[in-house]
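Residue-level structure breakdown
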Amino acid sequence: MIRCENLVKIYKRADLEVVALQGLDLHVEAGELTAIIGNSGSGKSTLLNVLGGLDRPTAGQVTVDGKDLLQISENELVLYKRESVGFVWQNNARNLIPYLTAQENVELPILLKGRRKQIRALEMLDAVGLSHRRKNRLNQLSGGEQQRVAIAIALANHPKLLLADEPTGSVDSNMANQILDLFRNLCRSLGLTIVIVTHDPLLAGKVDRVIAIRDGKTSSEMIRRKSYAQELEELGSGAGAEQPEQSHIEYAVLDRACRLQIPSAYLDAIGMKNKNKIRVTLEEGRIVLSPPQ
Ligand code: ADP
Ligand code: MG
């Protein structure tokens with residue numbers, strides 16, 4: 001669904017240049033739920049905005065659902081934003097109109113007309129578990145409920161890809177868990193591909209695939225040892241309140257030119273600070289990296 005290779009995004013403001021993405025690699029399969037973590041300023045929102053067609057990439061390669069977002073024309077980009085992707089932000093005020101009901105809010109962006117539009121809106125409210133609140137005005141709903149309306153809106157035009165930038169940033173941890181469960185169900189029931197940006201390591205610990213971004217580059221990828229769904233089944237609810245470091249296996253990212261990105265914590269641990277060469281040897285089917293002698 002998503003393929004980024006050596007993706008670069010440079011923001012130019014007057015004579016200042018900010019390299020927000022500097023050669024990022026990322027592959028996401030259709031139907032996957034992926035979390036992206038990283039410090040503030042590491043390029044997470046930039047990546048999401050590029051994937052959502054809100055920002056043009058500067059260089060490299062990025063294709064989403066077979067569409068090349070570097071080459072795409074303005075007209076195609078409008079269609080892409082309308083039909084292929086849905087967006088959820090942390091601050092749901094950006095998506096919602098307070099004096100309309102939940103249902104009216106969801107109906108607004110739907111491209112269908114009349115009765116079909118209503119039916120679609122009801123389906124989407126049902127998908128996010130809010131049918132019973134459809135007639136309430138937005139300002140009568142809790143923060144978590146409002147966020148679910150925002151998710152229903154993002155799904156209204158049946159996108160294949162849902163992008164969520166810190167979707168749980170302004171709700172409590174109980175609600176954050178419910179929203180994560182909702183995303184997981186949507187992946188399964190609608191076959192949706194979902195990418196969530198989060199800075200909450202506990203939340204990331206509950207997603208099977210976590211990608212860490214540092215300084216605008218993919219720094220490593222973590223895959224859960226045991227799927228979260230499986231762990232829940234074995235241990236009951238509340239399982240897996242661990243950071244990805246404990247629950248996941250960490251992988252370094254290998255790009256097409258065979259360049260390997262080694263998480264800096266590993267290099268620091270073997271005293272590789274300020275060195276630009278590392279010893280590489282092959283030992284019994286393993287590639288071993290060690291400080292130069
Ligand atoms: P994150 O979401 O991980 O906090 P961002 O993607 O928002 O990071 O930002 C990455 C870098 O790009 C930061 O240095 C930020 O200041 C810069 N940046 C983001 N958006 C813009 C913009 N529109 N113009 C200039 N610089 C920007
Ligand atoms: Mg951000």
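What this report covers is the structure whose coordinates are included nearby. Nothing here was measured: the structure is a model prediction, and the numbers come from that model. (Residues numbered from 1 in each chain as written. Chains lettered and ligands numbered in written order. Predicted model: local features only at pLDDT ≥ 70, side-chain atom pairs only at ≥ 80, totals over all residues. Heavy atoms only, no water.)

1. Description of the sheet that holds strand S9 (residues 209–214)
As a reminder, the rule being used: Two strands pair if DSSP finds at least two bridges between them. Comment: elements are numbered from the N terminus, with helices defined as DSSP H or I runs of at least four residues and strands as E runs of at least two. Lines fitted to the C-alpha atoms define the axes, with helices restricted to the stretch that makes contact. Angles between their N-to-C directions range from 0 to 180 degrees. Contacts are assigned to residue pairs with any non-hydrogen atoms lying within 4.5 Å of each other.
As summarised here, the arrangement of the seven strands in space is S6-S7-S8-S3-S9-S10-S11, forming an open sheet in which the pairing is mixed. The open sheet has two free edges, formed respectively by strand S6 (85–89) and strand S11 (248–251), since each of these has just one partner strand. Neighbouring strand axes in the sheet, compared pairwise and without regard to direction, differ in orientation by 20 degrees on average. The sheet contacts of helix H1 (residues 44–51) involve strand S3 (33–37), S6, strand S7 (161–165), strand S8 (193–197) and S9, and relative to S7 the element is tilted by about 155 degrees.

2. A short note on unusual backbone geometry
Stated formally: Any residue under 20% of the maximum accessible area for its type is buried, any over 50% is exposed, and the rest in between are partly exposed; the area is computed with a 1.4 Å probe on protein chains only.
A positive phi angle is found at glutamate 166, which is not glycine, with a value near 50 degrees. Residue glutamate 284 is not a glycine yet carries a positive backbone phi of 45 degrees. Inspection of the secondary structure assignment puts glutamate 284 in the loop between strand S14 (279–283) and strand S15 (286–290). For glutamate 284, a relative accessible area of 83% translates into the label exposed.

3. What to know about the pattern of salt bridges
This is how the line gets drawn: Between Lys or Arg on one side and Asp or Glu on the other, a salt bridge is scored when a side-chain nitrogen of the former is within 4 Å of a carboxyl oxygen of the latter.
In this structure the tally under the stated criterion is 11 salt bridges. Between arginine 259 and aspartate 255 there is a salt bridge, with its nearest N and O atoms 2.9 Å apart. Through salt bridges with shared partners, a single network forms among Arg3, Glu5 and Arg256.

4. As for the nonpolar core
What counts, and what does not: We define a nonpolar core as any set of buried Ala, Val, Leu, Ile, Met, Phe, Trp, Tyr and Cys residues linked to one another through side-chain atoms lying within 4.5 Å.
Residues Val106, Val149, Ile151, Leu162, Phe183, Leu186 and Ile194 are the most contacted members of the largest nonpolar core, which totals 43 residues. Here the element with the most residues in this core is helix H6 (residues 173–190); it accounts for eight residues. Not counting residues within four places of it along the chain, the set of residues in contact with leucine 162 comprises Gly86, Phe87, Val88, Ala154, Leu155, Phe183, Leu192, Thr193, Ile194 and Val195. Core analysis: the second largest hydrophobic core is formed by 27 residues, Ile72, Leu77, Leu163 and Val195 among them.

5. Observations concerning the pairing of S6
Counting buried residues in S6 gives five out of five residues, a clear majority hidden from the surface. Bridge count between S6 and S7: five bridges; the pairing is parallel. For valine 88, the partnering residue across the bridge sits in S7 and is alanine 164.

6. So, helix H4 (residues 114–127)
Every α-helix carries 3.6 residues per turn, so stepping three or four residues along brings you back to the same face. Worth spelling out the cut-off: An expected span of 1.5 Å times one less than the residue number is assigned to each helix. The arc under discussion is defined with respect to the helix axis, by the directions toward the C-beta atoms.
Over its 14 residues, H4 runs 20 Å from end to end, which matches the ideal 20 Å to within 8%, given 1.5 Å per residue. Every buried residue of H4 is accounted for by Lys117, Arg120, Ala121, Met124 and Leu125. Along the axis of H4, the buried residues cluster in a sector spanning 135 degrees; they form a single face. Every exposed residue of H4 that faces more than 90 degrees away from the buried side is listed here: Arg115, Arg116 and Asp126. Tucked inside the fold, the buried residues of H4 contact helix H3 (102–107) and helix H5 (143–155). Just downstream of H4, glycine 129 is the residue with a positive phi angle, here 70 degrees.

7. Remarks on a nonpolar patch on the surface
The test is simple: Distance thresholds for patches are 9 Å for like charges and 5 Å for nonpolar side chains (Val, Leu, Ile, Met, Phe, Trp, Tyr), applied to residues having over 30% relative accessible area and no salt bridge. Accessible surface area values rest on a Shrake-Rupley calculation with a 1.4 Å probe, where residue burial reflects the displayed protein chains alone.
On the surface, Leu254, Leu260, Val280, Leu282, Ile287 and Leu289 cluster together into a nonpolar patch covering about 630 Å² of accessible area. For the nonpolar patch, the secondary structure elements donating two or more residues are S14 and S15. Among the secondary structure elements, valine 280 is positioned in strand S14. Its relative accessible area of 55% is what places valine 280 among the exposed residues.

8. A word on the packing of aromatic side chains
Here is the rule we go by: Working definition: rings of Phe, Tyr and Trp (its six-membered ring) pair if their centres are within 6.5 Å, and the pair is stacked with planes under 30 degrees apart, edge-to-face with planes over 60 apart, and tilted otherwise.
Summed over all chains, the structure comprises one aromatic pair. Between the aromatic rings of phenylalanine 87 and tryptophan 89, the centroid separation amounts to 4.8 Å while the plane-to-plane angle is 10 degrees, which identifies the pairing as stacked. A residue is classified by how much of its surface remains accessible, and phenylalanine 87, at 11% relative accessible area, is buried. On the basis of relative accessible area, tryptophan 89 is assigned to the buried category, the value being 16%.

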